[in-house]
Amino acid sequence: MSNETRDVVIGIDLGTTNSLAAIVGKDGPRVLTDSQGAALIPSVVSFLDGGEVIVGAEARALSISNPERTVHSVKRLMGRGMADLAGEVDRLPYTVVESDNSKLVRIAIGDKSITPQEISALILGRVREQAEAALGCTVEKAVITVPAYFDDAQRQATRDAAKIAGLTALRIVNEPTAAALAYGLDTSREGNVVVYDLGGGTFDVSVLKITQGVFKVVATAGDTHLGGDDFDRTIMEEIFALITGGDNRPGKVPAEALQQVRLSAEAMKKELSSAENAMLEIDVGGEQPLHYELDRARFEAMIAPSVELTLKCCRAALADAGLQAGDVDEVVLVGGSTRIPMVRRRCAELFDREPHTELDPDRVVALGAAIQADVLAGGNKDLLLLDVIPLALGIETVGGGFAKLVTRNSTVPCRATEMFSTSVDNQTGIDVNVFQGEREMVADCRHLGSFKLSGVPPMPAGLPRVEVTFLVDADGVLTVTAREQRSGQEASIDVVPSHGLTRDEVRSMVKESIVHAHEDFANRELVELRNKANNLVYGTTRVLDMPEMPFTDEQRTDLNADIQNLKKLVGGDDIEALKAACDAFGEKTQALADNVIGEAIKAELSKGMTQA
Ligand code: ADP
Ligand code: MG
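An account of the accompanying structure is given in this report. (Residues numbered from 1 in each chain as written. Chains lettered and ligands numbered in written order. Predicted model: local features only at pLDDT ≥ 70, side-chain atom pairs only at ≥ 80, totals over all residues. Heavy atoms only, no water.)

A separate point is the sheet that holds strand β9 (residues 105-109). Strand order in the open sheet formed by three strands is β8-β9-β10, with antiparallel pairing between adjacent strands. Because the sheet does not close on itself, it has two edges, and the strands there are β8 (95-98) and β10 (112-114). Each adjacent strand pair in this sheet contributes to an overall mean axis angle of 45°, direction not counted. Summarising the sheet, β8 and β9 pair through four bridges and their orientation is antiparallel. Note that in β9 the partner of Glu98 across the bridge is Val105. The sheet strands contacting helix α2 (residues 116-135) are β9 and β10, and the helix crosses β9 at an angle near 70°. (Pairing = 2+ DSSP bridges. Helix = DSSP H or I, 4+ residues; strand = E, 2+ residues; numbered from the N terminus. Axes fitted to C-alpha atoms, helices over the stretch in contact; angles between N-to-C directions. Contact = heavy atoms within 4.5 Å.)

Quick look at the structure:
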């Protein structure tokens, strides 16, 4: 594919505190910066009284002087209704209101109101502008990341925000998955990865399982109100105490000093990530500027309770995933606050291994998103990650037929369930073979994986009720679960249907299905006829074997001859002959059943009457 026809697709980390974009270039993934080299754009939008809208760093600076009209942390409101936000809205300095025509909330700015999606769109617009300036071309497509725990409504709100910003969100990717991709962990064959993400206002930990280069989020935990802002606040409180001489009542600190103190507190915190000491001189209008000093040990003591809370979440996530700390193969640190040495140290201790910190923790997610974006732009031909299922997904049925559960072009995430049973008596282990393709026979499809549902109690054929569920998550991971309802036995497998499949392969598989449509149909019919014939033979043989069945010798010989004939036809491929034999045999046995079983019932009834 030439450069001209290749799409420009960027990866965007739309964060609670900061947002940024990245792209894969000739030398690999890189973040897109402004002319000063800054990549991070604060996720803040401020509405000035005169109608002007300010986004990014300048807006963040206004959050103290213009708190009611400056919106930060809008990510918390995405796709949420008032009922979801209990306790959340009281913490925000701006006003969140219910919407008249939808369940989702709006943000009141003066006498107008605006949706969280529109605010996010303004942030995405800034990210897009910065990306376009850095690339020198227009950008219309992006991969956008969201926390792993985001539900459908939150993901949809993110897509809507992109649309408002004039961007098509080709894919919504989980943040921890993006982080793991940025570190190239998808190339490992097997393993457990913990992604520890401590940002500005939130903490998330995710446990990912890699199987054959495929990620699956197996557990998440966290605290939606724990992050770098809390660390800033503890420092600010000390500074306020100093300014007011211990009197911490609101109003004691001059408003103009507030903003300066907040910025200074954050700057000191960041400094302590590399230096042992930080100090501050603040002019509070007195004769001497105020002097404040903080060393790393004391800062660590101040934030220790918060850090321990994050570790508690990690243990909970591990327990949820059914893992011990020792089962973790890789730990990835994400989020600006993981630059704090104590955070790194405590993580290393908990998991007993050095976490990955080679990449900038506040850029990792955007870099991973860019890698996904590159795949979608056609840059990486080895992978095909799509928003729709490119080829039908299903399982093998008796005789090599292909039962499609998920049809081609279904959008992900999606789910489908169907009931199956056994075809042989006393089958205690059921093989589930998962295939992908558009043809009618599994022999012409792509084998994705197999697993065995074992421990099914012995039952006659057709009696077990096996519920097979196909679930494709937002990352394109397919989980197939088989559950025998009578015994509750369950087994499952995870695969990525698009893994290692190129666009050309998909195209040719679809084409083949059209070319072979006629022959496939005939094949399918033959398989179905064979199954029908086998069922007839099986059922009739069973009835013949029952000593209480009042068949005459003549009837038995006749039926046995028919059974032999059917068996012979099943082995061949003369569809017409098999069909005729099935139909004839079906009619004969039906008539016999009515008759013979009728006789049997009559005999039973008369027995009952003589006894009475
Ligand atoms: P989010 O994912 O919530 O958008 P980020 O990953 O951008 O957030 O993290 C932002 C947080 O990281 C802020 O609280 C910021 O102060 C903090 N941070 C950034 N650099 C450092 C550093 N060097 N030391 C400590 N904290 C830092
Ligand atoms: Mg983040």
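Here the narrative resumes.
Attention now goes to the site of ligand 1. Taken together, 18 residues are adjacent to ligand 1, and Thr17, Asn18, Glu266, Lys269 and Ser273 come closest. The side chain of Glu266 places a nitrogen or oxygen atom 2.6 Å from an oxygen atom of ligand 1. In this structure, a nitrogen atom belonging to ligand 1 sits 2.6 Å away from a side-chain N or O atom of Ser273. Burial of ligand 1 by the protein chains amounts to 90% of its free accessible area of 580 Å². For the shell around ligand 1, the elements supplying multiple residues, two or more each, are α5 (228-244) and α6 (255-271). For the shell around ligand 1, the leading source of residues is α6, giving three residues. Partitioning the shell around ligand 1 into residue classes produces one nonpolar, eleven polar and six charged. Each of two domains, domain 1 (3-227 + 303-386) and domain 2 (228-302), supplies a minimum of three residues to the shell around ligand 1. (Near = heavy atom within 4 Å. Polar contact = N/O pair within 3.5 Å; in protein donor to acceptor, adjacent residues only side chain to side chain. Areas by Shrake-Rupley, 256 points an atom, 1.4 Å probe, with all protein chains shown as cover. Nonpolar A, V, L, I, M, F, W, Y, C, P; charged D, E, K, R; others polar. Domains from an automatic or database assignment.)

Remark: a regular strand shows side chains that alternate across the two faces of the sheet. Here strand β19 (residues 393-397) pairs with strand β20 (residues 401-406) via five bridges, running antiparallel. Each residue of the ladder has a partner; that of Leu393, found in β20, is Val406. What sits between β19 and β20 in their antiparallel hairpin is a turn of three residues, with Gly399 showing a positive phi close to 85°.

Looking at where Ala38 falls in the secondary structure, it is placed in the loop between β3 (28-31) and β4 (41-42). Considering only alpha carbons, one finds Ala38 and Thr158, 120 residues apart in sequence, at a separation of 24 Å. Look past the residues within four positions of Ala38 in its chain and what remains in contact with it is Thr33 and Gln130.

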